[in-house]
Amino acid sequence: SISELKRLDTLYIDENEIEGTIPTEIGDLSELRDLRLRDNKMKGKIPYELGNLKNLEILYLDTNQFSGEVPAEVGLMSRLEELHLYKNRFNSLMPASIGDLRYLKLLYLDSNEFSGPIPESYGDDLHNLQQFYCYSNKLTGTIP
């Protein structure tokens, strides 16, 4: 099982034909700093166990078929600098907990089905944010 790779700090499985869901055991990889599962055929929900990845700095889950909501636990990845969730099928509100990611520089939520307003916390708390893409969703309200 992947959870046995306790010293793993980088995992790239980009641009393949990987199917299925993200194994919850990935949340046990406490040394992981860079996780890239982009451009595959993965689906389902993002497991809340990813919130256990306290050292994670870069997360690419884009260009898959993930759906549902992004778990609030994503806000627990306190060192995260890049979050790439574009080109999926997320169909919920944007998670306000992303506003807890103080080091976040790049946030790509475009090309999904997010609805409702952009959370106020994005405008109030993401002081290091350099790029924020949220086009091609179903957003409403005002810009925070």
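The rules behind each value
Residues numbered from 1 in each chain as written. Predicted model: local features only at pLDDT ≥ 70, side-chain atom pairs only at ≥ 80, totals over all residues. Heavy atoms only, no water. Helix = DSSP H or I, 4+ residues; strand = E, 2+ residues; numbered from the N terminus. Polar contact = N/O pair within 3.5 Å; in protein donor to acceptor, adjacent residues only side chain to side chain. Contact = heavy atoms within 4.5 Å. Buried < 20%, exposed > 50% of the residue type's maximum accessible area, 1.4 Å probe, protein only. Pairing = 2+ DSSP bridges. Salt bridge = Lys/Arg side-chain N within 4 Å of Asp/Glu carboxyl O.

### Points about the side chain of Asn137
Working step 1: Here Asn137 lies in the loop between strand 11 (131-133) and strand 12 (138-139).
Working step 2: Of the polar contacts made by the side chain of Asn137, one reaches the backbone nitrogen of Asn112; its length is 3.3 Å.
Working step 3: Polar contacts involving the side chain of Asn137 include one to the main-chain amide nitrogen of Phe114, which spans 3.0 Å.
Working step 4: The contact partners of Asn137, leaving out residues within four places of it in the chain, are Leu109, Asp110, Ser111, Asn112, Glu113 and Phe114.

### Here's the deal with the pairing of strand 6 (residues 65-68)
Looking along a regular strand, one sees side chains alternate from face to face of the sheet.
Working step 1: Side chains Phe66 and Gly68 of strand 6 all project onto a buried face; the interleaved residues Gln65 and Ser67 project onto a face where none is buried.
Working step 2: Where strand 4 (residues 41-44) meets strand 6, two bridges bridge the pair, whose relative direction is parallel. Looking at the pairing, Lys43 lines up with Gln65 of strand 6.

### A closer look at the sheet that holds strand 6
Working step 1: Taken together, four strands build an open sheet; the order of strands is 2-4-6-8 and the sheet is parallel. This sheet does not close on itself; its edge strands, each paired only once, are strand 2 (19-20) and strand 8 (89-90).
Working step 2: Of the strand pairs in this sheet, strand 6 and strand 8 are connected by two bridges, and their pairing is parallel. In the strand pairing of strand 8, Ser67 is matched with Arg89.

### Digging into the pattern of salt bridges
Working step 1: Counting across every chain of the model gives five salt bridges.
Working step 2: In this structure, Arg36 and Asp34 form a salt bridge, with 2.8 Å as the shortest nitrogen-oxygen distance. Each of the two residues, Arg36 as well as Asp34, counts as buried.
Working step 3: The shortest N-O distance in the salt bridge between Asp62 and Arg38 comes to 3.0 Å. Pair noted here: Asp62 is in the loop between strand 5 (58-60) and strand 6 and Arg38 is in the loop between strand 3 (34-36) and strand 4, with a separation of 24 residues, a long-range link. For the residue pair Asp62 and Arg38, the accessibility class agrees, reading buried in each case.
Working step 4: Look at the salt bridges and you will find they share partners, linking Glu15, Arg38 and Asp62 into a network.

### What about the environment of Tyr60?
Working step 1: The residue Tyr60 is located in strand 5 in this model.
Working step 2: Between the C-alpha atoms of Tyr60 and Tyr12, which are 48 residues apart in sequence, the distance is 9.2 Å.
Working step 3: Excluding its chain neighbours within four sequence positions, the residues that come into contact with Tyr60 are Leu35, Arg36, Leu37, Arg38, Glu82 and His84.

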